[in-house]
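One-letter residues, chain by chain:
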Amino acid sequence: MMKVFAITITILLHCTGSLLAQRNFTISGRITDKQTGQALAYCSVALFTSPDSTLTGGVLTNESGIYTFENITAGSYYIQTQYIGYNKSVLIVPLFTPGQTQMNLENIAMNPDPRTLRELNVKGDRQTLEHKIDRQVYRADRFLGSQGGTAIDVLKNTPSVTVNSEGNIGLRGSSGFLVLINGKPVQTDPATILNQIPANTIENIEVITSPSASFDPDGKAGIINITTRTAVAGSRSFSVNVQGGLPPVYRYNNLNNPLRYGADATFNVRSDKWDFNLSGNYLRNDIAGRRVGDVNTTINNVFTSFPSSGERSFIRYNYTLRSAVSYSPNSKNTFSAGIYTGYRSQSRRADILYNNTKTDLTTGAVIGRINYFNSNIARKSAGITLGNLDYTHTFTNKSFLTVSGLFEKANLNGLTTNNNLAEPGRQAILQSSRNPSENPLTAYRVKGDYTTTLWNGKLETGYQYRNQVQKGNFQYLDLEGGSFVIIPAFSSTTKVSNHIHSVYGQYGAKAGKLEYTGGLRYEYAQRAFTAGNEVTRELNLSNLFPTLNLQYLVSKSLRFKAGYSKRVQRSTNNELNPFPEREHSETLESGDPDILPEFIDLTELGAIKEFEKGSIFATLYNQRIKNVVNRVNSVYNDTILNRIYTNAGLATSWGLEAGTTLNFAKWWQFYAGGNLYHYKIKGSLFDRDVLVNTASWIYSINANTTFKLSETLQLQASLNYLSKRVTAQGEDSRFVVPSLSARKTFMKGKLAATLQWQNIDLGLLGSNQQRITTFGKDFFTTTNYIQETDIFLLNLSYNLNQTSKKSKLPASEFGDKEF
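What you see is a predicted model; the values in this text were computed from it and never measured.

Rules used throughout
- Residues numbered from 1 in each chain as written.
- Predicted model: local features only at pLDDT ≥ 70, side-chain atom pairs only at ≥ 80, totals over all residues.
- Heavy atoms only, no water.
- Core = buried A, V, L, I, M, F, W, Y, C linked by side-chain atoms within 4.5 Å.
- Buried < 20%, exposed > 50% of the residue type's maximum accessible area, 1.4 Å probe, protein only.
- Helix = DSSP H or I, 4+ residues; strand = E, 2+ residues; numbered from the N terminus.
- Phe/Tyr/Trp six-rings, centres within 6.5 Å; stacked < 30°, edge-to-face > 60°.
- Lys NZ or Arg CZ within 6 Å of the ring centre and 35° of its normal.
- Pairing = 2+ DSSP bridges.
- Axes fitted to C-alpha atoms, helices over the stretch in contact; angles between N-to-C directions.
- Polar contact = N/O pair within 3.5 Å; in protein donor to acceptor, adjacent residues only side chain to side chain.
- Contact = heavy atoms within 4.5 Å.
- Salt bridge = Lys/Arg side-chain N within 4 Å of Asp/Glu carboxyl O.
- Patch = residues over 30% accessible without salt bridge, like charges linked within 9 Å, V, L, I, M, F, W, Y side chains within 5 Å.
- Areas by Shrake-Rupley, 256 points an atom, 1.4 Å probe, with all protein chains shown as cover.
- pLDDT = per-residue confidence, 0-100.

One finds Ile193, Leu194 and Ile205 to be the most contacted residues of the largest nonpolar core, which totals 37 residues. If one sorts the elements of this core by residue count, helix α3 (residues 151-155) sits on top with 4 residues. Among the nonpolar cores identified, the runner-up in size contains 19 residues, and Ile72, Tyr77, Met103 and Met110 belong to it.

The structure is reproduced here in structure tokens:
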């Protein structure tokens, strides 16, 4: 760790008489490099009282190296400054005299320390993983295979997260979690927003598995916070990335060739008062593939079987624009605003050949047979806009108040076209249907948070109001007599609104080797759901959400931590809508208007061990889910299954999450994380018509190893593995995705080229495919989803970082730690 030096200057302020004692003083000065005479901009400066060393104020020097402390009362003080790469220095300061209100100190000329500069030059890469009391923090740029992709490509490398063949994201095995962007919550479906955020703009991924009371309690598995890159104080930076895909190795006889290309750019500028960021991206990321399935049903002793096979491909593209600005006119006030807008489109083509056979089980005779071709195209789009406005005021006693507002609007639209054509020839239309849908969401929140120091700790309190409205318009149209006619049985309109008031308080402090944070959040939530012309169903809930986090430092290299939080998973429009929606030839989907939110108790106990060559951690956790929601299959007719969302009882999960970062040598680093858990669900469905009592062990492994072949060349191999798992009515097979990346830098690191080999298979490994199977007393369905393998991508990145000409080195982290 870099050695940091401090300069201590003692300033004695002698006040004579009561009038002098009541005056406010101003202290200012300038810090320079002793060898060059240049000002040291953005140096951290702190003012302490003596002799008790109480922090009175903290500032950064401006671009001219000048610092100023205002409204200082009479007393004895000392100034402590810190800047990377400089030696300790002491300056004797003249005393205030009666009648004087301002002290301009002489320049502090700092001597560069050659030893520190050498350490800076040879400093190795920061570790992939950092541990905090309530979260793990992962550096996005350490995962070479994610560059040019989206936030999901980064996330799937963390031990807590899994992504299956359908793109479903799980956090410790659960699909319910809350997404934050730079600490701001997003109410849109997590997969929708995560598929829009470009990986190249992400600084860190924070997996918060034991959130404190200051966070929303939403998300049964916890929170994922994405922090984007910002400029160093006193600098300007610009980066641009371009990606292109090589022609596909396998086409799977798909109708179209997959296209893969994209670009993103980011501009940052930061001064002592202003911080501005602007970024945008476009990404086209198609994928080829096919599916092979088999479905059978039994109704009135008639066994219907319809095996199928054919194309299953995706055309996908998205673009985003993001901007944020922050203005601090002085050390007491900060104004900030941000806007994010993004659009994502996905078109899934399923061109499937079905062989339908009906057999009379009493006689064994075949009573019907038909072959037909089904072309099913499901288009989904999501346009999301987020905006925030924040104000922070710091009081004289160093407490601060933050008032913020957040607005979110999401337009979620879909159109499924379904055509059944007779075989052979595919000229006669057996059935043609359209399934348009609109599902817009509008949400806003206002909140106020107050933070102050109390008993050598930090007390936080706050209030928040949330308003969220999501409407739905789902239609099903059949071709009749040459025109499309709405089928009322499969069409509906919905509206769900949530009004939530919450207050919280939490206190955190250190007592010797123990660090702790405890809090309580109270929430009053009103939910109203309307489907079609039915009576509005209301649900009012009043709940407490306690949280507790503990961390004990056994030694400098060994820590133990424990956490508990209570959380809630709120019901979505799809889960509440009682009207069947037909999005596919084989399925209908509906919900339960009286479905209850899930309430979750999260508990964890972990240990972190750091050593010279790396670190290792292990966390034992438990999730207890009340009113667990499951999607359950039943038979609608001989060729259609009905999928219904409903509460299914109590689910429990016991798991062990572990990971390690090892530096075997200067040129070889290894990172691995894994999650092993036992999931059990026990309950009943449809008034105990179906009993549920299933359990299974599930594990996942995400790992990579990096070889630094030279100062400018790296090679990284990675593996994502998800084991087979038992579901409420079946099982999902294992899912494995290996990849390889090579990165070469040029122009002293400003230009980088990365070649990615994704979904390595070579016809041998069975990569990027997963079989999903469900069954009941009168049905069986299994489908193997086979997606494109051996994909090659080339990324080019150019970074221009122009730091302040008056500052040779970046500002230290002293300010972040002390102020």
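The geometry of two aromatic rings is summed up by the distance between their centres and the angle between their planes. Tallied over the entire structure, the rule returns 22 aromatic pairs. Taken together, Tyr261, Tyr282, Tyr317, Tyr319 and Tyr343 form an aromatic cluster joined through their ring pairs. Directly above the ring of Tyr621 sits Arg172, whose terminal nitrogen or CZ lies 4.3 Å from the centroid. When the ring centre of Phe373 is taken as origin, the NZ or CZ atom of Arg426, which lies over that ring, is 3.8 Å away.

Here the focus is the pairing of strand β34 (residues 558-569). Pairing between strand β33 (residues 537-555) and β34: 8 bridges, direction antiparallel. Residue Thr547 lies in a different strand from β34, and its bridge partner there is Ser565. Hairpin remark: β33 followed by β34, antiparallel, with 2 residues in the connecting loop.

All right, on to the sheet that holds strand β16 (residues 223-228) then. Where strands meet in a sheet, backbone hydrogen bonds hold them as pairs that are either parallel or antiparallel. The strand order across the open sheet built from 6 strands is β9-β10-β15-β16-β13-β14, with neighbouring strands paired in mixed fashion. A single partner strand is all that each edge strand has here, and the edge strands are β9 (129-131) and β14 (184-186). Averaged over neighbouring strand pairs, the angle between their axes works out to 25° when direction is ignored. Bridging between strand β15 (residues 202-208) and β16 involves 6 bridges; their strand directions are antiparallel. By the bridge assignment, Glu206 is partnered in β16 with Asn225.

You can see Arg135 is positioned in strand β10 (residues 135-139). Residue Arg135 is classed as buried on the basis of its relative accessible area, which comes to 14%. There is a polar contact of 2.9 Å between the side chain of Arg135 and the side chain of Asp134. Among residues more than four places away in sequence, those in contact with Arg135 are Glu130, Glu206, Val207, Ile208, Phe215 and Lys561.

Right, let's get into the environment of Glu534. Within the secondary structure layout, Glu534 lies in the loop between β32 (514-531) and β33. In this structure, Glu534 is in contact with Pro578 and Phe579, ignoring residues within four places of it in sequence.

A separate point is the environment of Ser175. Mapped onto the fold, Ser175 is located in the loop between β12 (169-171) and β13 (178-181). With a relative accessible area of 57%, Ser175 lands in the exposed category. Once the C-alpha coordinates of Ser175 and Val163 are considered, the two residues, 12 residues apart in sequence, prove to be 9.9 Å apart.

Let's shift gears to the side chain of Arg743. Summarising the element assignment, Arg743 is placed in strand β47 (residues 735-746). A distance of 3.0 Å separates polar atoms of two side chains, one belonging to Arg743 and the other to Gln147. Discounting residues that sit within four places of it in the chain, Arg743 has contacts with Leu144, Gln147, Thr712, Leu713, Gln714, Ala752, Ala753 and Thr754.

With that out of the way, let us pick up the pattern of salt bridges. Overall, the coordinates contain 25 salt bridges when judged by the stated rule. For the salt bridge of Arg135 with Glu206, the shortest nitrogen-to-oxygen distance reads 2.7 Å. Separated by 71 residues along the polypeptide, Arg135 in strand β10 and Glu206 in strand β15 bring together distant segments of the chain. Salt bridges linked by common partners bring Asp216, Asp218, Arg445, Arg466, Arg521, Glu523 and Arg570 together as one network.

Let us look at unusual backbone geometry. Here the amide bond leading from Glu423 into Pro424 is cis, since omega sits at -5°, within 30 degrees of zero. At Lys398, a residue that is not glycine, the phi angle is positive and equals roughly 75°. Phi at Asp790 is positive, roughly 50°, even though this residue is not glycine. Topologically, Asp790 is positioned in the loop between β50 (779-787) and β51 (791-803).

For Pro211, the location among the structural elements is in the loop between β15 and β16. If we skip the residues at most four places from it in the chain, Pro211 touches Gly222, Ile223, Thr547, Asn549, Ser565 and Arg567.

This paragraph deals with a nonpolar patch on the surface. A surface patch of nonpolar side chains, about 830 Å² in accessible area, is lined by Leu605, Leu620, Trp654, Leu656, Leu676, Trp697, Tyr699 and Ile701. Going through the elements one at a time, β41 (650-665) and β43 (690-710) are the ones with two or more residues in the nonpolar patch. Considering each element in turn, the nonpolar patch owes the most residues, 3 residues, to β43.

What follows covers the confidence of the model for the protein. Looking at the protein as a whole, the pLDDT averages 84, with 88% of positions reaching at least 70. Per-element mean pLDDT across the protein ranges from 27 in helix α6 (residues 814-818) up to 95 in β32. Of the regions scoring below 50 in pLDDT, residues 1-21 engages in 76 contacts with residues more than four places distant in sequence or in other chains. Scored below 50 in pLDDT, residues 116-124 makes 11 contacts in the model with residues more than four places away or belonging to other chains.

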